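# Secondary and tertiary structure notes
Below, each chain spelled out in residue letters.
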Amino acid sequence: MDTQGIALAPGNHAFIAIKRTLYENHVPPWGVCQDLQLEYYDTYTLPACYLECRANHIAANCSCRPYFLPGTAPLCDPTNISTCVRTVVGKVISGELKCDCPVPCSMTKYSTSVSYGGWPNKNTRDYIVSTYGKTRDYMKENGVVFSVFYEQLSYQKVRELKAMDTGQLASNIGGMMGLFIGASVLSILEVWEYLWQRVKGLLKRNRRPPVNDDKSTAYDLEKGTTFNK
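Described below are features of the structure shown in this document. (Residues numbered from 1 in each chain as written. Predicted model: local features only at pLDDT ≥ 70, side-chain atom pairs only at ≥ 80, totals over all residues. Heavy atoms only, no water.)

## Comments concerning the packing of aromatic side chains
Across all of its chains, the model carries one aromatic pair by this definition. Ring geometry for Y67 against F68: centres 5.3 Å apart, planes inclined by 85°, an arrangement best described as edge-to-face. Seen from the ring of Y155, R20 lies directly overhead, with NZ or CZ sitting 5.2 Å from the centre. The ring of Y138 has K134 lying over it, and the distance from NZ or CZ to the ring centre is 4.8 Å. (Phe/Tyr/Trp six-rings, centres within 6.5 Å; stacked < 30°, edge-to-face > 60°. Lys NZ or Arg CZ within 6 Å of the ring centre and 35° of its normal.)

This is how it looks when you write it as structure tokens:
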């Protein structure tokens, strides 16, 4: 009742709609979830962990436990509940007394919505009066009817995913390596082409025919004849 209960007033017909949500969290180093082994509960949940934590703090400080908390300590009397237990619970709520309750790796949550209708109606009232001998005022002060049903026949699943899994990491590394290797191959080819062009230029220069620089030969531009001096 302290964490997940719903209070229903007598003299009403309560319609409680339930919606189921599943949560899946990642373990470290990708997430912060952790499933602890509880002492009084088989399955680790946050409400169970907090209840067990409160019970342990109360048993350590008051040497007893309230009837609504788990444990093996003797039950507290009303005086201890109104004094010591209330003080310890206040310290737990304020954070003065710590509770180590990490987020569970798998968790199921049921959210509820409640609507009310009048009860009992005329036929129900007459039947209860004739069968059980209860008056109308007694039923309004002590009787309550509730109907529980799923709001939807499907459920919602919330999963915590890695920002990058193994396949995506390998794909990104391969893509980057392919990019750099391709760029390196192109650069090598460009350098090779540049060196080859330089070598070809030097080879052509060495193969040119020799130029006649003999100054003893002259050319008569006007007559178009050559003569030796």
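## Structural notes on the environment of K134
Along the chain, the position of K134 falls in the loop between α3 (122–132) and α4 (136–142). Not counting residues up to four positions away in its chain, the partners in contact with K134 are I128, V129 and M139. (Helix = DSSP H or I, 4+ residues; strand = E, 2+ residues; numbered from the N terminus. Contact = heavy atoms within 4.5 Å.)

## Some remarks on the state of the cysteines
Counted under the stated rule, the structure contains five disulfides. In this model C49 forms its disulfide with C101; the gap between the sulfur atoms is 2.1 Å. Here the disulfide of C49 and C101 is left-handed, its torsion about the S-S bond being about -90°. Separated by 52 residues along the polypeptide, C49 in helix α1 (residues 46–62) and C101 in the loop between α2 (78–94) and β2 (106–118) bring together distant segments of the chain. For C49, a relative accessible area of 6% translates into the label buried. Here C64 is linked by a disulfide to C76, with a sulfur-sulfur distance of 2.0 Å. Taking the sign of the S-S torsion, 100° for the link of C64 and C76, the bridge is right-handed. (Disulfide = S-S within 2.5 Å. Buried < 20%, exposed > 50% of the residue type's maximum accessible area, 1.4 Å probe, protein only.)

## Here's the deal with the packing of α1 against α2
Their axes nearest at 10 Å, the elements α1 and α2 cross at an angle of 135°. In terms of axis orientation, α1 runs oblique to α2. Classified by chirality, the crossing of α2 by α1 is right-handed. For the pair α1 and α2, contact is made by R54, H57, I58, N61 and C62 and by C84, V85, V88, V89, V92 and I93, respectively. Tallied by class, residues from the contact of α1 with α2 come to eight nonpolar, two polar and one charged. (Axes fitted to C-alpha atoms, helices over the stretch in contact; angles between N-to-C directions. Parallel < 35°, antiparallel > 145°, perpendicular 65-115°, else oblique. Left-handed = near helix turned anticlockwise from the far one by under 90°. Nonpolar A, V, L, I, M, F, W, Y, C, P; charged D, E, K, R; others polar.)

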